[in-house]
Amino acid sequence: EVCSAGTYSLPGSLHCFLCGPGHFAQAGSGDCSPCAVGTFAPMGSERCTACIAGRAAPLGSSLCEECVAGTFSLAMASSCMVCSAGRFAAFVGSSACDPCESGTYAPAGSGACMACDPGKYAPNSSGQCSTCPTGRHASRGSDHCQSCNAGRFSVAGSSECQACSAGKFALFESGHCAWCAAGRSAAIGLGGVGSPPQPSRFECNEGFTLDGNASGRTYDGHGAISAGATSRLLFDYPSTYQEQILDFLFLPKFG
(Lines give C-alpha, C1' and ligand atoms only; values in the text may rest on other atoms or scores of the structure.)
Protein backbone atom coordinates (compact mmCIF):
# COMPACT_ATOMS: atom_id res chain seq x y z
CA GLU A 1 0.00 0.00 0.00
CA VAL A 2 1.28 3.47 -0.95
CA CYS A 3 1.57 5.94 1.90
CA SER A 4 -0.72 8.95 1.58
CA ALA A 5 0.48 12.57 1.42
CA GLY A 6 1.87 13.80 4.72
CA THR A 7 3.08 10.32 5.69
CA TYR A 8 6.08 8.14 4.97
CA SER A 9 7.36 4.62 5.50
CA LEU A 10 10.76 3.03 5.92
CA PRO A 11 11.90 0.09 3.77
CA GLY A 12 10.20 -3.12 4.93
CA SER A 13 7.76 -1.22 7.14
CA LEU A 14 4.15 -2.41 7.35
CA HIS A 15 2.88 1.00 8.44
CA CYS A 16 2.99 4.64 7.34
CA PHE A 17 4.01 7.35 9.78
CA LEU A 18 2.95 10.99 9.95
CA CYS A 19 5.52 13.62 9.04
CA GLY A 20 6.56 15.64 12.07
CA PRO A 21 5.88 19.39 12.48
CA GLY A 22 7.90 21.51 10.08
CA HIS A 23 8.18 18.67 7.52
CA PHE A 24 6.13 17.48 4.55
CA ALA A 25 5.85 14.53 2.15
CA GLN A 26 4.10 13.75 -1.11
CA ALA A 27 2.16 10.48 -1.47
CA GLY A 28 4.40 7.40 -1.62
CA SER A 29 7.38 9.09 0.03
CA GLY A 30 10.01 7.16 1.88
CA ASP A 31 10.85 10.13 4.13
CA CYS A 32 9.74 13.70 4.97
CA SER A 33 11.52 16.86 3.92
CA PRO A 34 11.97 19.98 6.10
CA CYS A 35 10.06 23.13 5.18
CA ALA A 36 12.17 25.81 3.52
CA VAL A 37 12.91 29.07 5.36
CA GLY A 38 9.94 31.41 5.40
CA THR A 39 7.44 28.51 5.28
CA PHE A 40 5.82 26.24 7.86
CA ALA A 41 3.81 23.04 8.18
CA PRO A 42 1.96 21.28 11.03
CA MET A 43 2.24 17.54 11.58
CA GLY A 44 1.19 15.33 8.67
CA SER A 45 1.41 17.98 5.95
CA GLU A 46 1.59 17.41 2.21
CA ARG A 47 3.16 20.84 1.59
CA CYS A 48 4.50 23.89 3.45
CA THR A 49 2.73 27.24 3.61
CA ALA A 50 4.48 30.59 3.13
CA CYS A 51 4.69 33.02 6.06
CA ILE A 52 2.94 36.35 5.55
CA ALA A 53 4.71 39.70 6.06
CA GLY A 54 5.26 40.46 9.73
CA ARG A 55 6.03 36.82 10.51
CA ALA A 56 9.12 34.65 9.99
CA ALA A 57 10.21 31.02 10.12
CA PRO A 58 13.64 29.35 9.99
CA LEU A 59 14.24 26.02 8.24
CA GLY A 60 11.87 23.23 9.33
CA SER A 61 9.35 25.38 11.21
CA SER A 62 5.95 24.22 12.38
CA LEU A 63 4.59 27.78 12.51
CA CYS A 64 5.52 31.38 11.68
CA GLU A 65 6.53 33.57 14.60
CA GLU A 66 5.24 37.15 14.77
CA CYS A 67 7.88 39.87 14.71
CA VAL A 68 8.13 41.70 18.04
CA ALA A 69 7.84 45.49 18.34
CA GLY A 70 10.91 47.21 16.92
CA THR A 71 11.31 44.55 14.20
CA PHE A 72 9.62 43.72 10.89
CA SER A 73 9.66 41.22 8.03
CA LEU A 74 8.56 40.80 4.44
CA ALA A 75 6.67 37.71 3.25
CA MET A 76 8.51 34.35 3.44
CA ALA A 77 11.21 35.74 5.73
CA SER A 78 13.53 33.46 7.63
CA SER A 79 13.85 35.96 10.49
CA CYS A 80 12.63 39.39 11.55
CA MET A 81 14.83 42.40 10.88
CA VAL A 82 15.57 45.17 13.37
CA CYS A 83 14.25 48.64 12.51
CA SER A 84 17.12 50.95 11.63
CA ALA A 85 17.90 54.06 13.71
CA GLY A 86 15.36 56.82 13.11
CA ARG A 87 12.55 54.34 12.40
CA PHE A 88 10.21 52.31 14.63
CA ALA A 89 7.65 49.50 14.61
CA ALA A 90 5.06 49.95 17.34
CA PHE A 91 3.08 46.75 16.87
CA VAL A 92 3.74 43.04 16.96
CA GLY A 93 3.71 41.56 13.46
CA SER A 94 4.80 44.70 11.59
CA SER A 95 5.64 44.43 7.90
CA ALA A 96 7.57 47.74 7.82
CA CYS A 97 9.09 50.39 10.08
CA ASP A 98 7.79 53.97 10.18
CA PRO A 99 10.02 57.08 10.26
CA CYS A 100 10.24 59.19 13.40
CA GLU A 101 8.68 62.64 13.17
CA SER A 102 10.85 65.73 13.46
CA GLY A 103 11.71 66.58 17.05
CA THR A 104 11.86 62.90 17.98
CA TYR A 105 14.44 60.11 17.64
CA ALA A 106 14.77 56.35 17.94
CA PRO A 107 17.81 54.08 18.20
CA ALA A 108 17.84 50.86 16.19
CA GLY A 109 15.22 48.30 17.22
CA SER A 110 12.78 50.80 18.75
CA GLY A 111 9.08 50.30 19.25
CA ALA A 112 8.47 54.05 19.62
CA CYS A 113 10.15 57.41 19.01
CA MET A 114 11.12 59.65 21.92
CA ALA A 115 11.04 63.44 22.10
CA CYS A 116 14.36 65.30 22.13
CA ASP A 117 15.33 66.78 25.49
CA PRO A 118 15.36 70.57 25.92
CA GLY A 119 18.47 72.05 24.32
CA LYS A 120 18.51 69.41 21.58
CA TYR A 121 16.83 68.97 18.20
CA ALA A 122 16.30 66.40 15.45
CA PRO A 123 14.91 66.40 11.90
CA ASN A 124 12.64 63.54 10.85
CA SER A 125 14.02 59.98 10.73
CA SER A 126 16.75 60.73 13.28
CA GLY A 127 18.54 58.10 15.31
CA GLN A 128 19.66 60.65 17.91
CA CYS A 129 19.19 64.30 18.83
CA SER A 130 21.86 66.94 18.23
CA THR A 131 22.87 69.56 20.78
CA CYS A 132 22.11 73.20 20.03
CA PRO A 133 25.31 75.26 19.63
CA THR A 134 26.10 78.38 21.63
CA GLY A 135 23.85 81.30 20.84
CA ARG A 136 20.88 79.07 20.05
CA HIS A 137 18.27 77.21 22.08
CA ALA A 138 15.47 74.65 21.77
CA SER A 139 12.54 73.48 23.86
CA ARG A 140 11.61 69.82 24.31
CA GLY A 141 10.69 68.02 21.07
CA SER A 142 12.19 70.63 18.71
CA ASP A 143 13.18 70.01 15.10
CA HIS A 144 15.60 72.95 15.01
CA CYS A 145 17.33 75.44 17.29
CA GLN A 146 16.17 79.05 17.56
CA SER A 147 18.54 82.01 17.63
CA CYS A 148 19.18 84.15 20.67
CA ASN A 149 18.40 87.78 19.94
CA ALA A 150 20.88 90.54 20.62
CA GLY A 151 21.11 91.27 24.31
CA ARG A 152 20.65 87.60 25.19
CA PHE A 153 23.00 84.61 25.18
CA SER A 154 23.11 80.84 25.66
CA VAL A 155 25.69 78.11 26.15
CA ALA A 156 25.56 74.90 24.10
CA GLY A 157 22.58 72.69 24.91
CA SER A 158 20.40 75.48 26.33
CA SER A 159 16.62 75.37 26.50
CA GLU A 160 16.32 79.17 26.57
CA CYS A 161 18.39 82.33 26.18
CA GLN A 162 19.44 84.39 29.19
CA ALA A 163 19.33 88.18 29.29
CA CYS A 164 22.61 90.06 29.68
CA SER A 165 22.97 91.83 33.00
CA ALA A 166 23.10 95.59 33.17
CA GLY A 167 26.33 97.01 31.77
CA LYS A 168 26.85 94.13 29.36
CA PHE A 169 25.84 93.46 25.77
CA ALA A 170 25.62 90.51 23.35
CA LEU A 171 25.52 90.21 19.59
CA PHE A 172 22.97 88.14 17.69
CA GLU A 173 23.44 84.40 18.48
CA SER A 174 26.02 85.06 21.20
CA GLY A 175 27.39 82.50 23.61
CA HIS A 176 28.26 85.10 26.25
CA CYS A 177 27.82 88.76 27.19
CA ALA A 178 30.63 91.31 27.10
CA TRP A 179 31.18 94.34 29.31
CA CYS A 180 30.41 97.73 27.83
CA ALA A 181 33.41 99.95 27.23
CA ALA A 182 34.05 102.91 29.49
CA GLY A 183 31.64 105.73 28.76
CA ARG A 184 28.96 103.46 27.30
CA SER A 185 26.03 101.65 28.92
CA ALA A 186 23.42 98.98 28.33
CA ALA A 187 20.20 98.13 30.14
CA ILE A 188 19.37 94.57 31.17
CA GLY A 189 18.69 92.34 28.19
CA LEU A 190 19.41 95.00 25.58
CA GLY A 191 21.75 94.57 22.65
CA GLY A 192 22.12 98.21 21.69
CA VAL A 193 21.25 99.84 18.37
CA GLY A 194 20.51 97.86 15.22
CA SER A 195 18.97 94.55 14.18
CA PRO A 196 19.94 91.48 12.11
CA PRO A 197 21.39 91.04 9.58
CA GLN A 198 23.78 93.74 10.88
CA PRO A 199 24.88 92.17 14.18
CA SER A 200 28.09 94.24 14.19
CA ARG A 201 26.00 97.31 15.01
CA PHE A 202 24.90 95.81 18.31
CA GLU A 203 26.86 97.66 20.90
CA CYS A 204 26.41 99.59 24.10
CA ASN A 205 24.62 102.92 23.95
CA GLU A 206 26.39 106.20 24.54
CA GLY A 207 26.77 106.77 28.26
CA PHE A 208 28.07 109.67 30.30
CA THR A 209 31.21 110.47 32.25
CA LEU A 210 31.32 111.44 35.92
CA ASP A 211 34.00 113.89 37.06
CA GLY A 212 34.25 114.34 40.81
CA ASN A 213 36.33 117.49 40.41
CA ALA A 214 33.97 119.28 38.05
CA SER A 215 31.47 121.90 39.15
CA GLY A 216 27.79 121.63 38.42
CA ARG A 217 24.97 119.31 39.36
CA THR A 218 25.64 116.31 41.62
CA TYR A 219 24.88 112.82 40.29
CA ASP A 220 22.43 111.04 42.61
CA GLY A 221 21.66 107.98 40.48
CA HIS A 222 19.29 107.06 37.65
CA GLY A 223 15.64 108.06 37.70
CA ALA A 224 12.52 107.37 35.69
CA ILE A 225 8.91 108.42 35.35
CA SER A 226 6.09 105.85 35.42
CA ALA A 227 3.28 106.91 33.11
CA GLY A 228 0.32 104.67 33.81
CA ALA A 229 0.31 101.49 31.76
CA THR A 230 3.99 101.79 30.81
CA SER A 231 4.94 100.51 34.26
CA ARG A 232 3.67 97.11 33.12
CA LEU A 233 6.87 96.75 31.08
CA LEU A 234 8.66 95.73 34.27
CA PHE A 235 6.93 92.36 34.15
CA ASP A 236 8.58 91.60 30.81
CA TYR A 237 11.86 91.07 32.67
CA PRO A 238 12.74 87.91 34.65
CA SER A 239 11.80 88.15 38.32
CA THR A 240 15.48 87.94 39.33
CA TYR A 241 16.14 91.23 37.54
CA GLN A 242 13.06 93.21 38.56
CA GLU A 243 14.45 94.32 41.93
CA GLN A 244 17.74 95.33 40.32
CA ILE A 245 15.89 97.44 37.78
CA LEU A 246 13.89 99.21 40.49
CA ASP A 247 17.09 99.91 42.46
CA PHE A 248 18.81 101.36 39.38
CA LEU A 249 15.83 103.58 38.64
CA PHE A 250 14.69 104.84 42.03
CA LEU A 251 17.29 104.15 44.74
CA PRO A 252 19.35 107.33 45.35
CA LYS A 253 23.08 107.09 44.76
CA PHE A 254 22.79 103.47 43.55
CA GLY A 255 24.40 102.09 40.39
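That block above? That's the structure.
Residues numbered from 1 in each chain as written. Predicted model: local features only at pLDDT ≥ 70, side-chain atom pairs only at ≥ 80, totals over all residues. Heavy atoms only, no water.

Participant: An account of the overall build of the protein is requested, with residue identities and associated values reported.
Facilitator: In terms of regular secondary structure, the protein is built from one helix and 24 strands. For the protein, buried positions account for 27% of its 255 residues. Expressed as a percentage of contacts within the protein between residues at least 6 apart in sequence, the contacts between residues at least 24 apart total 27%. Split by element, the accessible area of the protein, about 15,300 Å² in all, is 55% carbon and sulfur. (Helix = DSSP H or I, 4+ residues; strand = E, 2+ residues; numbered from the N terminus. Buried < 20%, exposed > 50% of the residue type's maximum accessible area, 1.4 Å probe, protein only. Contact = heavy atoms within 4.5 Å. Areas by Shrake-Rupley, 256 points an atom, 1.4 Å probe, with all protein chains shown as cover.)

Participant: Could you give me a rundown of the environment of Phe 91, with the residues and numbers involved?
Facilitator: Within the secondary structure layout, Phe 91 lies in the loop between strand 11 (87–88) and strand 12 (98–99). By relative accessible area, which is 62% here, Phe 91 ends up exposed. As a C-alpha pair, Phe 91 and Gly 111 span 20 residues in sequence and 7.4 Å in three-dimensional space. Beyond its immediate sequence surroundings of up to four residues, Phe 91 is in contact with Cys 67, Val 68 and Ala 69.

Participant: Describe unusual backbone geometry, listing the residues and the values that go with them.
Facilitator: For residues other than glycine, phi is negative in most cases, and the peptide bonds are mostly trans. Positive phi values are uncommon outside glycine, yet Met 76 reaches one of about 55°. In this model, Ser 125 sits at a positive phi of 60°, which is unusual for a non-glycine residue. The topology assignment puts Ser 125 in the loop between strand 15 (120–121) and strand 16 (130–131). Taking relative accessible area as the criterion, Ser 125 reaches 34% and is therefore assigned partly exposed.

Participant: Hey, could you go over the state of the cysteines for me, with residue numbers and the actual values?
Facilitator: The full count for this structure, using the stated rule, is eleven disulfides. Across a sulfur-sulfur distance of 2.0 Å, Cys 100 and Cys 113 are joined as a disulfide pair. Handedness here is read from the sign of the S-S torsion; for Cys 100 and Cys 113, about -85°, the answer is left-handed. One end of the pair, Cys 100, is in the loop between strand 12 and strand 13 (104–105); the other, Cys 113, is in the loop between strand 13 and strand 14 (114–115), and 13 residues separate them in sequence. Note on Cys 100: relative accessible area 2%, which makes it buried. When its relative accessible area of 23% is taken as the criterion, Cys 113 is described as partly exposed. (Disulfide = S-S within 2.5 Å.)

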